[in-house]
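The primary structure of each chain is shown beneath.
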Amino acid sequence: MSTNSHPVTLAVAPEPTDHFQGPEHAPVTLIEYGEFECPSCKVALQAPKLLLARFPNKIRFIFRHFPLEEAHPHALMAAEAAEAAGGQGLFWPMHDALFQNQAHLKDRDLYRYAGELGLDLARYTAEMDDHIYLQKVREQAAGGRRSHIRATPTFFVDGVVQDISFGMEGLNHAVVAAVRRAPRKLTPPL
């Protein structure tokens, strides 16, 4: 995934509005552009979790929306539902629920997941009806297009795209290399 032998790089740096796991100031940043109706994204779901567990305090994982609406008609609404849950502090539980129930992402399903997570359903309904998170989802997708993304999932390690066309091993190697390159904290002498 490169153009003219230059690696494809991330067009939009991490932002305060990004949803992340791991320490905010971790030395390595892993960003995924994905969507909840994409079968490949569901397959890739465990990779960031395993990397976070393998390298505690070394990695910050960010998930950004890139709904492929032509192929997946429920992806956009699912992204809005995840953001509505995020507005109530439950982005990651909704993220996981959407992937676990990937074949059931219609409006009534999303509402049910919101209820199961304990969201304020009146607020959820109002925010979904008014599409208050649509702009954020569209902005993330636009940032993905500026980063030359065409498919999901697409991963960036420290701003450089990783080729996962042959599996997640390449992503693992890139993260391991980035962790090794990361500056280590020096322990003060006694």
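Going by the structure above, here's the rest.
Here's a quick rundown of the structure. This one's a predicted model, so the numbers in the text were calculated from it and none came from an experiment. (Residues numbered from 1 in each chain as written. Predicted model: local features only at pLDDT ≥ 70, side-chain atom pairs only at ≥ 80, totals over all residues. Heavy atoms only, no water.)

Some points on the environment of Thr154
Note the following rule: Strands are runs of DSSP state E lasting at least two residues, helices are runs of H or I lasting at least four, and both sets are numbered from the N terminus onward. Partly exposed describes any residue whose relative accessible area lies between the buried limit of under 20% and the exposed limit of over 50%, with all areas from a 1.4 Å probe on protein chains only and scaled to the type maximum. Whether two residues are in contact is decided by their heavy atoms: any pair within 4.5 Å suffices. We define a polar contact as two N or O atoms separated by no more than 3.5 Å, with the added condition that, inside protein, one atom must be a possible hydrogen donor and the other a possible acceptor, whereas residues neighbouring each other in sequence contribute only through side-chain atom pairs.
Tracing the sequence through the fold places Thr154 in strand E6 (residues 154-157). Under the relative-accessibility criterion, Thr154 is labelled buried at 4%. Between the C-alpha atoms of Thr154 and Ala71, which are 83 residues apart in sequence, the distance is 16 Å. Discounting residues that sit within four places of it in the chain, Thr154 has contacts with Ile31, Glu32, Tyr33, Ile149 and Val161. Looking at Thr154, its side chain comes within polar contact range of the main-chain oxygen of Ala151, at 2.7 Å.

A few points about the sheet that holds strand E7 (residues 160-162)
The condition is simple: We call two strands paired when DSSP finds no fewer than two bridges between them. Axis angles are defined between N-to-C directions and span 0 to 180 degrees, where every axis is a line fitted to C-alpha atoms and, for a helix, only to the segment in contact.
Overall, mixed pairing links the 5 strands, which are arranged E3-E5-E4-E6-E7 in an open sheet. Of all the strands in the sheet, the pair left with one neighbour each is strand E3 (19-21) and E7. Each neighbouring strand pair of the sheet contributes to a mean axis angle of 30°, computed without reference to strand direction. Across 3 bridges, E6 lies against E7 in antiparallel orientation. Note on E7: the bridge partner recorded for Phe155 is Gln162. Taken strand by strand, helix H8 (residues 169-181) contacts strand E4 (28-34), strand E5 (59-65), E6 and E7, and its axis lies near 15° from that of E6.

As for the nonpolar core
Convention followed: Throughout this description, the term nonpolar core refers to a set of buried Ala, Val, Leu, Ile, Met, Phe, Trp, Tyr and Cys residues connected via side-chain atoms within 4.5 Å.
Counting residues in hydrophobic clusters, the biggest one holds 42 residues, and the most contacted among them are Ile59, Leu98 and Leu171. It is H8 that contributes the most residues to this core, 6 residues altogether. In this view, Leu98 contacts Phe36, Ala78, Ala82, Leu105, Leu110 and Tyr113; residues no more than four positions away in its chain are not counted. Leu10, Phe66, Ile149 and Phe156 belong to the second largest nonpolar core, which has 12 residues in total.

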